[in-house]
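Structural characterization, general
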Amino acid sequence: PAQRGYVASASHDNAGASPVSLGFDGLSTTNWEGAGARYATSNPYAHTAGESTTTNVQARLGDWIQVEFPHKLRVNFLQFMPSGGGGDKRSPQTGVLVGSNDNGATWTEVKLFDVANDGTPTTYTASTYTKIAIDSGSNSNPGYYKIYRLIQLTAAVKDSNNTSYIGRFGTSDLQLYGTEENTGTP
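I will try to describe carefully the structure that is included in this document. (Residues numbered from 1 in each chain as written. Predicted model: local features only at pLDDT ≥ 70, side-chain atom pairs only at ≥ 80, totals over all residues. Heavy atoms only, no water.)

**Quick word on the overall build of the protein chain**
- When helices and strands are tallied, the protein chain shows one helix and 13 strands.
- Starting at the N terminus and ending at the C terminus, the protein chain contains elements arranged as β-β-β-β-β-β-β-β-α-β-β-β-β-β.
- Rg of the C-alpha trace for the protein chain: 15 Å, near the compact-globule value of 16 Å for 186 residues, within the 12% margin.
- For the protein chain, the spread of C-alpha atoms along the three principal axes comes to 55 × 35 × 30 Å.
- Across the 186 residues that make up the protein chain, the buried fraction comes to 44%.
- A separation threshold of at least 6 residues defines the contact pool for the protein chain, and within that pool the share at least 24 residues apart is 72%.
- When the accessible surface of the protein chain is totalled, it reaches about 8,500 Å², and 47% of it is carbon and sulfur.
- Mean positive and mean negative side-chain charge positions of the protein chain (13 and 16 charges, respectively) differ by 1 Å. (Helix = DSSP H or I, 4+ residues; strand = E, 2+ residues; numbered from the N terminus. Rg over C-alpha atoms; globule rule 2.2 N^0.38 Å. Buried < 20%, exposed > 50% of the residue type's maximum accessible area, 1.4 Å probe, protein only. Contact = heavy atoms within 4.5 Å. Areas by Shrake-Rupley, 256 points an atom, 1.4 Å probe, with all protein chains shown as cover. Lys, Arg positive; Asp, Glu negative; His and termini not counted. Charge placed at Lys NZ, Arg CZ, Asp CG, Glu CD.)

**Some remarks on the packing of aromatic side chains**
- All chains considered together, the criterion is met by seven aromatic pairs.
- Taking 6.2 Å as the distance between ring centres and 10° as the angle between the ring planes, the aromatic pair formed by Phe80 and Phe169 counts as stacked. One end of the pair, Phe80, is in strand β6 (residues 64-81); the other, Phe169, is in the loop between β11 (145-155) and β12 (170-171), with 89 residues separating them in the sequence. Per residue, the accessibility class of Phe80 equals that of Phe169, and both read buried.
- The rings of Tyr6, Phe69, Tyr145 and Tyr148 are connected pair by pair, giving a single aromatic cluster.
- Just above the ring of Trp64 sits the side chain of Arg149; from NZ or CZ to the centre is 3.5 Å. (Phe/Tyr/Trp six-rings, centres within 6.5 Å; stacked < 30°, edge-to-face > 60°. Lys NZ or Arg CZ within 6 Å of the ring centre and 35° of its normal.)

**Side note on the pattern of salt bridges**
- All told, the structure shown has seven salt bridges when counted by the stated rule.
- For Arg38, the salt bridge identified is with Glu51, shortest N-O distance 3.6 Å. Pair noted here: Arg38 is in the loop between β3 (32-33) and β4 (52-54) and Glu51 is in the loop between β3 and β4, with a separation of 13 residues, a long-range link.
- Judged by relative accessible area, which is 16%, Arg38 ranks as buried.
- Members of the salt-bridge network, linked through shared partners, are Glu33, Arg90 and Arg168. (Salt bridge = Lys/Arg side-chain N within 4 Å of Asp/Glu carboxyl O.)

**Some thoughts on the pairing of strand β7 (residues 92-100)**
- With respect to burial, β7 is a largely interior element, eight of its nine residues being buried.
- Pairing analysis gives eight bridges linking β7 to β11, with the strands arranged antiparallel. Looking across to β11, one finds that Pro92 is bridged to Ala155.
- As judged from the six bridges shared by β7 and strand β8 (residues 108-114), these two strands associate in the antiparallel manner. (Pairing = 2+ DSSP bridges.)

**Structural notes on the side chain of Ser83**
- Within the secondary structure layout, Ser83 lies in the loop between β6 and β7.
- Residue class for Ser83 comes out buried when judged on its relative accessible area of 4%.

**Topic: the side chain of Thr53**
- With respect to the helices and strands, Thr53 occurs in strand β4.
- Given the relative accessible area of 2%, Thr53 is considered buried.
- Residues contacting Thr53, with those up to four places away along its chain left out, are Gln58, Ala59, Arg60, Trp64, Trp107, Arg149 and Ile151.

On their own, these measurements won't tell you what the molecule is for.
Dropping the structure here:
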């Protein structure tokens, strides 16, 4: 999970079958996914397993995937690619991107989002990127952070008759785009 100064981690994975490094490999054919039966199978498809991240706003319940950068970054937008075969139902309908500069001792909420309001397009399509703006709109507090954590608060479900995929959080690829902090000339 660590390459070239980047370190990926997650709240957990699917018994080692889908490691966190696959969530950052840029491929639509591989994916990270968390353990099953952690989200409700009825609306609002909220987290039920007790995973919690305490932020500067409140405790946020939900499984998470995170990346630590070699240098601080101010994120402008993220791109999230659901995995094929039901991955659009394992994607965050609502989520929060949080940042930390003290190895996760404290977390600051960077963006609380609802993909129906903040995503382009407004729903997920398996194996296709959904872009979510971070540095604009309401619920936005961008800053420079070394660690970013994406927490899925509720799962996105397009077909209420097919809920067999939504018990877990997963992604084929997560990309964060932004500007590195200017630390001056060494």
